[in-house]
Amino acid sequence: MTAPLDFDGVVAPPRANGELLFAEPWQSRAFGMAVTLYETGAFTWPRFQAALIARIGAWENAADQDGPWSYYDHWLGALEDVLDEQGTVSHDEVAIRAHALTRLPTGHDHHH
């Protein structure tokens with residue numbers, strides 16, 4: 001099973017010369033988590049795509065958009081929405097873990 005990534009428009013992943021484009025390492029990790037969870041049957045792709053469309057639509061319709069456009073912020077938010085909706089991982093659990101990670105020193109997971 002492979003995630004159907006051949007959709008067009010604003011919901012299509014950024015590409016350059018046909019290749020997926022990631023500006024930061026976390027973006028490829030978020031992408032990989034969503035695709036892997038889909039491939040293991042954690043959710044359907046249409047459900048994820050609907051969540052992504054909803055996230056992007058909400059950002060586009062917001063009177064005051066919070067900062068610059070970031071496709072993978074919406075991608076990650078859609079993944080969180082789907083997992084929260086199913087009861088797999090709640091938004092609160094994600095927020096607690098993210099807060100804990102931001103308190104760790106840079107390079108904490110790299111032993112040189």
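Residues numbered from 1 in each chain as written. Predicted model: local features only at pLDDT ≥ 70, side-chain atom pairs only at ≥ 80, totals over all residues. Heavy atoms only, no water.

**Regarding helix H2 (residues 45-61)**
The periodicity of an α-helix, 3.6 residues per turn, causes residues three or four positions apart to be oriented the same way.
For step 1, the next point in the chain: For H2, with 17 residues, the first-to-last C-alpha span of 24 Å sits near the 24 Å given by 1.5 Å per residue.
For step 2, the next point in the chain: Taken together, the buried positions of H2 are occupied by Trp45, Phe48, Ala51, Leu52, Ile56 and Gly57.
For step 3, the next point in the chain: Along its buried surface, H2 packs onto helix H1 (25-39) and helix H3 (71-86). (Helix = DSSP H or I, 4+ residues; strand = E, 2+ residues; numbered from the N terminus. Expected span 1.5 Å × (residues − 1). Buried < 20%, exposed > 50% of the residue type's maximum accessible area, 1.4 Å probe, protein only. Contact = heavy atoms within 4.5 Å.)

**Remarks on H3**
For step 1, the next point in the chain: For H3, spanning 16 residues, the distance from its first C-alpha to its last is 23 Å, which sits close to the expected 22 Å at 1.5 Å a residue.
For step 2, the next point in the chain: Of the positions making up H3, those classed as buried are Tyr71, Tyr72, His74, Trp75, Gly77, Ala78, Leu79, Asp81, Val82 and Leu83.
For step 3, the next point in the chain: The secondary structure elements touched by the buried residues of H3 are H1, H2 and helix H4 (91-102).
For step 4, the next point in the chain: Note on H3: the residue one or two positions beyond its end, glycine 87, has a positive phi of about 80°.

**Here's the deal with the packing of H1 against H3**
For step 1, the next point in the chain: Between H1 and H3, the least distance of the axes is 10 Å, while the angle of their chain directions is 35°. Handedness of the crossing formed by H1 with H3: left-handed. In this structure, H1 uses Trp26, Gln27, Ala30, Phe31, Met33, Ala34 and Leu37 to contact H3, whose residues at the interface are Tyr72, Asp73, Trp75, Leu76, Leu79 and Leu83.
For step 2, the next point in the chain: Grouping the constituent residues of the contact of H1 with H3 by class yields eleven nonpolar, one polar and one charged. (Axes fitted to C-alpha atoms, helices over the stretch in contact; angles between N-to-C directions. Left-handed = near helix turned anticlockwise from the far one by under 90°. Nonpolar A, V, L, I, M, F, W, Y, C, P; charged D, E, K, R; others polar.)

Keep in mind these values describe shape, not function.
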